[in-house]
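Observations on the three-dimensional arrangement
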Amino acid sequence: MAISDRRKIAAVCVLAAGGIGLVGVSSGATFTSTATGSFTVEADLPPNPTPTATATATPTPTPTPTPTATATKTARLTTVALNSSDWFTSAAPVFTYKNKEIKFTGTSAKMIGGFTAQNTGDLDLTVTATVTLPADLGGKVTAEVRLVKGTAALKAAGDQQGDSAEYELWLTPARPGDTISKDTAKDIRLAFSRTTA
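Turning our eyes to something else, we now look at the pattern of salt bridges. Pairing between side chains of opposite charge can happen when the charged atoms of each approach one another. Tallied over the entire structure, the rule returns six salt bridges. Across the pair R175 and D178 runs a salt bridge, and its minimum N-O distance is 3.6 Å. What makes D178 buried here is its relative accessible area of 15%.

Okay, the packing of aromatic side chains next. What the rule picks out here adds up to six aromatic pairs. Considering the side-chain rings of W87 and F115, the 5.2 Å spacing of their centres and the 70 degrees angle between planes classify their relative orientation as edge-to-face. Taken together, the positions of W87 in strand β7 (residues 87-88) and F115 in strand β10 (residues 110-119) put the pair 28 residues apart, joining distant regions of the chain. Here the two residues W87 and F115 agree in accessibility, since each one is buried. Relative to F115, the ring of F95 lies with its centre 5.1 Å away and its plane at 50 degrees, an arrangement referred to as tilted. Of this pair, F95 sits in strand β8 (residues 94-97) while F115 sits in strand β10, placing them 20 residues apart in sequence. Taken individually, F95 and F115 each receive the classification buried, so the pair is uniform in this respect.

Take the sheet that holds strand β12 (residues 141-149) next. With antiparallel pairing, four strands are arranged side by side in an open sheet as β6-β10-β14-β12. In the strand order of this sheet, the two ends are held by β6 (77-81) and β12, each with one partner. The average undirected angle you get between the axes of adjacent strands in this sheet is 25 degrees. As paired strands, β6 and β10 are joined by five bridges and run antiparallel to one another. In the strand pairing of β10, T79 is matched with A117.

Turning our eyes to something else, we now look at the pairing of strand β16 (residues 189-196). Two elements, β8 and β16, share three bridges in a ladder whose sense is antiparallel. Its bridge partner lying in β16, F95 is registered against L190. Alignment of strand β11 (residues 125-132) against β16, held across eight bridges, turns out to be antiparallel. Residue T130 lies in a different strand from β16, and its bridge partner there is A191.

Conventions we followed
Residues numbered from 1 in each chain as written. Predicted model: local features only at pLDDT ≥ 70, side-chain atom pairs only at ≥ 80, totals over all residues. Heavy atoms only, no water. Salt bridge = Lys/Arg side-chain N within 4 Å of Asp/Glu carboxyl O. Buried < 20%, exposed > 50% of the residue type's maximum accessible area, 1.4 Å probe, protein only. Phe/Tyr/Trp six-rings, centres within 6.5 Å; stacked < 30°, edge-to-face > 60°. Helix = DSSP H or I, 4+ residues; strand = E, 2+ residues; numbered from the N terminus. Pairing = 2+ DSSP bridges. Axes fitted to C-alpha atoms, helices over the stretch in contact; angles between N-to-C directions.

Right, here's the structure in full:
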């Protein structure tokens with residue numbers, strides 16, 4: 001045992017009739033006996049107990065829940081020219097009249113185009129149809145877009161086949177029997193636009 005593990009104990013012994021008896025113990029003291037003189041007693045004691053390590057549990061972090069993705073909604077308007085033989089449709093929803101001559105009878109209005117507009121998205125829409133005439137027709141012809149079926153407010157549907165509406169484009173000449181040439185007619189345009197409700 002190492003010296004650091006030893007402890008000194010001083011004891012007092014006195015002579016007794018039957019021998020030597022231990023009557024007291026005191027740490028760090030010196031005692032004297034008339035029979036034997038001064039003496040000390042060393043005793044081997046067990047080593048100090050090794051402290052027991054205290055285990056600290058580390059809490060397991062709680063996983064952060066993954067947020068649920070919200071489906072993105074899309075606004076979509078599908079437009080079709082019913083008399084596509086008279087209109088260029090590749091740039092829909094903007095339609096351009098083909099280079100065909102337009103003849104009027106008297107001063108009666110003449111329909112030159114029919115169109116459908118359908119909500120094929122996930123959001124409610126409001127539709128606007130705007131006609132543009134070439135400058136050459138200024139003061140000679142007036143244009144009117146007529147909503148002939150449905151309403152401009154088109155509700156969406158879960159199957160992406162929502163409400164639809166039908167439109168017609170009418171031209172009215174200022175002079176009876178007037179004619180719009182092919183070169184002028186090719187600049188007549190009808191454009192559909194939509195806004196979300």
